[in-house]
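# A structural walkthrough
Residues per chain are reported as follows:
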Amino acid sequence: LFAALIVGTLALRAFQRRQGQEVARARANAALHRSLTEASADLITRHSADGTVLYASAAAEEMLNVSARELEGLSPAMMVHIQDLKSVERAFARAAGGEVQTVAFRLRRRDGSYVPVEMRAQGADGDVVAVTRDVSEHTAEVVELSSRREEADEALRARTRFLASITHELRT
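Now for a look at the structure at hand. As a convention, each chain's residues are numbered from 1 in the sequence order in which they are written. Per-residue local features of the predicted model are confined to residues with pLDDT of at least 70, and side-chain atom pairs are confined, for both listing and counting, to 80 or more; whole-chain, interface and lining totals are unaffected and use all residues. Side-chain numbers here rest on the full set of heavy atoms in the structure, without hydrogens or water.

### Some remarks on the pairing of strand 2 (residues 53-56)
Stated formally: We treat two strands as partners when DSSP finds at least two bridges between them. Helix and strand assignments come from DSSP, with helices taken as H or I runs of at least 4 residues and strands as E runs of at least 2, each series counted from the N terminus.
In the sheet, strand 1 (residues 43-47) pairs with strand 2 via three bridges, with the strands oriented antiparallel. Within strand 2, the position partnered with Arg46 by the bridge is Tyr55. Where strand 1 folds back on strand 2, the antiparallel hairpin that results is connected by five residues, among which Gly51 adopts a positive phi of roughly 100 degrees.

### Here we look at the sheet that holds strand 4 (residues 114-124)
Rules: Geometry is summarised by axes, namely lines fitted to C-alpha atoms with helices restricted to the contacting stretch, and by angles between N-to-C directions that run from 0 to 180 degrees. Should any heavy atoms of two residues lie within 4.5 Å, those residues are considered in contact.
In space, the five strands of this open sheet follow the order 2-1-5-4-3, with antiparallel pairing throughout. The sheet is open, and its two borders are formed by strand 2 and strand 3 (101-108), each paired with just one other strand. The mean inter-strand angle of the sheet, taken between neighbouring strand axes irrespective of direction, is 30 degrees. Helix-sheet contacts for helix 4 (residues 85-96) involve strand 1, strand 3, strand 4 and strand 5 (127-134), and the interaxial angle to strand 3 is about 140 degrees.

### Points about helix 4
Because an α-helix completes one turn every 3.6 residues, residues spaced three or four positions apart along the sequence face the same direction. Using the following cut-off: Take the residue count of a helix, subtract one, and multiply by 1.5 Å to get its expected span. Think of it in three bands: residues with accessible area under 20% of the maximum for their type are buried, residues over 50% are exposed, and the middle band is partly exposed, with areas taken using a 1.4 Å probe on protein chains only. By definition, the arc is the one covered by directions from the helix axis to the C-beta atoms.
Over its 12 residues, helix 4 extends 17 Å from the first C-alpha to the last, a length consistent with the 16 Å expected when each residue adds 1.5 Å. Listed in full, the buried residues belonging to helix 4 are Leu85, Val88, Ala91, Phe92 and Ala95. The buried residues of helix 4 occupy an angular sector of 125 degrees when projected down its axis, which confines them to one face. For helix 4, the elements touching its buried residues are strand 1, strand 3, strand 4 and strand 5. Gly98 occupies a position one or two residues after helix 4 and carries a positive phi of about 110 degrees.

### Some details on a nonpolar patch on the surface
Threshold: Like charges within 9 Å and nonpolar side chains (Val, Leu, Ile, Met, Phe, Trp, Tyr) within 5 Å are joined into patches, using only residues over 30% in relative accessible area that form no salt bridge. Per-residue and other accessible areas follow the Shrake-Rupley method at a 1.4 Å probe size, with only the shown protein chains counted as cover for residues. By definition here, a salt bridge exists when the distance from a side-chain nitrogen of Lys or Arg to a carboxyl oxygen of Asp or Glu is within 4 Å.
Among the surface-exposed residues, Phe162, Leu163, Ile166 and Leu170 lie close enough to one another that they form a single nonpolar patch of about 420 Å² accessible area. As for its placement among the helices and strands, Ile166 is situated in helix 5 (residues 136-171).

### Looking at the nonpolar core
Going by this rule: Here, the term nonpolar core denotes a set of buried Ala, Val, Leu, Ile, Met, Phe, Trp, Tyr and Cys residues that are joined through side-chain atoms within 4.5 Å.
Ranked by internal contacts, the top residues of the largest apolar core, which has 26 residues, are Leu43, Leu64, Leu71, Phe105, Leu107 and Met119. At five residues, the largest contribution of residues to this core is made by helix 4. Here Leu71 is in contact with Val53, Ala56, Ala60, Leu64, Val66 and Met79, once residues within four sequence places are set aside.

### Observations concerning the environment of Ala95
Examined against the element boundaries, Ala95 turns out to sit in helix 4. The exposure class of Ala95 is buried, given its relative accessible area of 0%. With 29 residues separating them along the chain, Ala95 and Ala124 place their C-alpha atoms 8.8 Å apart. Ignoring anything within four residues of it in the chain, the contact list for Ala95 reads Gln101, Ala121, Gln122, Gly123 and Val128.

Function-wise, these values are silent; they only describe arrangement.
This is how it looks when you write it as structure tokens:
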């Protein structure tokens, strides 16, 4: 009986030691994940399947001028431009179903202006984890390139008209 008690006590201590190690590992992993999300320039969020924000990283402050805590509990309808809302809701629904989704849309800042963003979302344990990146610089570059192309096309059309006019004058 005494031997069984000692064996049981030793087994309990070994179990408690392993459990303590697992808890310490889980805490270390949680701390690592939190430090990664807080250090990222991209907005990292966790959402319910309907898109309601459950967690937001500190990047919300720089991107939207809103604290991460203020985003928690908000639905997409409160942050996403009305014209982009259906595509964002569809992306959350598909991501919750297991599909990785990428969608571009506009997010509202505290001052009411909108910032163009691109979000990549995927399901995780019944929720959706999303990484959202500000693409306003990229969008400005695309607009600038488009403008330059239009100017170049107009210059080409003017040159063609001029050459056609000169050739016509030379023939007559």
